[in-house]
Amino acid sequence: MHPKQLLPIVFSITSLAFAATSHAETYRLTHNTSNNTTWQQGADKFSEILNEKTDGEVNVKVFPNAVLAGGDQMKQSEMVGRGDIDFVITSAINVTPLIPEMAAFSLPYLFSSYDQVDAAVQGEAGNKMKEIAEKKGIKILAWGENGFRELSNSVHPVETPEDLNGMKVRVAAPMYIDVFNALGANPQQIQWTETFSALQQGVVDAQENPVGSIIVPQRIYEVQDYLTEWHYSYDPIFVGVSEQLWESWSEDTRTTVQEAADQAMQYQVDISREKTKSGIQTLKEHGMQITTLSEEQLQAFRDATQPVYESWAKKVGQDLVQTFEDAVKQEQ
């Protein structure tokens, strides 16, 4: 046989050998928001780093807008806990139906600075929450940032609790229903994927979310005229993996996935904070009227929501909340 006739056979055998030894895996990652948010950027960075670290042997396909859960942002985490979805990036407040303790992060006016946030999230409080999540089948790999939640509306500037009387506000979770009831508003829990149209059609007048990670990239300024900077609640996000999947991996794979998650979420935190800094100016350029509350004005909101804080602290667990409060005190 002529040597050239051997080439197809050799190529074929080589291909078969590669196919036999290749174990490339593709996993699915779900998150709540659209593909132009810092959530998506964090997810993409995680996928990119993991692909590079494993020379293409581990791939992550990102699915925005909770499409794998039929648009249900709360259901995603339950599906990851059961092993139906591999990875999730979601916010703490969106996991509270499955893990009520997650509400501790978002207690009204718990945090007032990023230093306090970082001390809690990256310290003992964050570690305790990881332990709690594991019992629900979710291995939290790393914390990211959704941010301090600010209020936007299409009715009028909000400077006092009385300005919220009767205002229809879209909220993300049960604790926020209690917060806005205490402020005299009419809160309605609506899936994020339905929120823009609800604001557009006047189903609700207002919504609350972080500026850099949600309000600007999701173009909320197209359907809202006013923004109040009140930092009333902080909301971290996290990248989590199915505990079943995590346990199935070798120690080397776990180390690689963990490193990718740490790097990706630090990147996501950094860009979220940068976008928050520039976001207020962006909103002004798009015609929104910005109200920044004074310390005296903020105190009125703190006083009005204190009963909600106390009520939810009991539900979450006083010992766990104390861990958060201790972290805050370290940075005051």
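- Named according to an unreviewed UniProt entry, the protein chain is Tripartite ATP-independent transporter solute receptor, DctP family originating from Vreelandella arcis.

### Overview of empty space enclosed by the protein
Right, on to step 1. Inspection of every chain in the model, using the stated rule, returns 1 cavity of 30 Å³ or more.
Right, on to step 2. Roughly 100 Å³ of volume is contained in the largest cavity.
Right, on to step 3. Surrounding the largest cavity, 15 residues form its lining, Asn32, Trp39, Asn94, Trp192 and Asn209 being those nearest its centre.
Right, on to step 4. By residue class, the composition of the lining of the largest cavity is 5 nonpolar, 7 polar and 3 charged.

### Let's talk about the packing of helix α5 (residues 124-134) against helix α12 (residues 318-330)
A pair of packed helices is characterised by two quantities: the angle between their axes and the separation of those axes.
Right, on to step 1. At a closest axis distance of 8 Å, the pairing of α5 and α12 adopts a crossing angle of 145 degrees. Residue-level inspection shows Glu124, Ala125, Lys128, Met129 and Ile132 of α5 in contact with α12, the latter providing Leu320, Thr323 and Phe324.

### Observations regarding the layout of surface pockets
Right, on to step 1. The calculated volume of the largest pocket comes to roughly 500 Å³.
Right, on to step 2. Along its surface, the largest pocket is lined by 23 residues, and Tyr109, Leu110, Phe111, Ser112 and Arg302 are the ones closest to its centre.
Right, on to step 3. Those elements that place two or more of their residues in the lining of the largest pocket are β8 (226-242), α11 (295-316) and α12.
Right, on to step 4. The leading source of residues in the lining of the largest pocket is α11, at 8 residues.
Right, on to step 5. The residue makeup of the lining of the largest pocket, split by class, is 9 nonpolar, 8 polar and 6 charged.
Right, on to step 6. If you go around the second largest pocket, you meet 17 residues; those closest to its centre are Val121, Gln122, Trp143, Gln266 and Val269.
Right, on to step 7. Looking at the lining of the second largest pocket element by element, the count peaks at 6 residues for helix α10 (residues 251-285).

### Remarks on the nonpolar core
Right, on to step 1. Grouped together as the largest cluster of nonpolar side chains are 62 residues, with contacts concentrated most on Met102, Phe111, Met129, Leu164, Phe180, Trp230 and Phe324.
Right, on to step 2. Sequence-distant contacts of Phe180, defined by excluding residues within four places in its chain, comprise Leu151, Leu164, Val169, Val171, Ala185, Pro187, Glu208, Trp230 and Tyr232.
Right, on to step 3. Listed in part, the 42 residues of the second largest apolar core include Leu50, Val204, Ile220 and Val239.

Rules and cut-offs
- Residue indices follow the written sequence of each chain, beginning from 1 at its first position.
- Local features are withheld for residues below a pLDDT of 70 in this predicted model, meaning they are given only at 70 or higher, and side-chain atom pairs are given and counted only at 80 or more; totals for whole chains, interfaces and linings count all residues.
- Hydrogens and water molecules were not included; the side-chain quantities draw on all heavy atoms of the structure.
- Using a 1 Å grid laid over the protein atoms alone, points where a 1.4 Å probe fits but cannot get out form a cavity; open sets with protein on both sides within 12 Å along at least 5 of 7 lines form a pocket; any residue with an atom within 4 Å of a point counts as lining.
- Grid points are joined across faces, edges and corners, and a volume is the space filled by probe spheres set on the points.
- Gly falls in the polar group here, along with every residue not listed as nonpolar (Ala, Val, Leu, Ile, Met, Phe, Trp, Tyr, Cys, Pro) or charged (Asp, Glu, Lys, Arg).
- Throughout, an axis means a line fitted to C-alpha atoms (over the contacting stretch in the case of helices), and angles, computed between N-to-C directions, take values from 0 to 180 degrees.
- Each helix is a run of H or I in the DSSP string that is no shorter than four residues. Each strand is a run of E no shorter than two, and both are numbered from the N terminus.
- Contacts are residue-level and defined by heavy atoms, with any inter-residue pair within 4.5 Å sufficient.
- The definition of a nonpolar core used throughout is a set of buried Ala, Val, Leu, Ile, Met, Phe, Trp, Tyr and Cys residues joined through side-chain atoms within 4.5 Å.
- Only protein chains enter the area calculation, which uses a 1.4 Å probe; residues under 20% of their type maximum are buried, those over 50% are exposed, and those in between are partly exposed.

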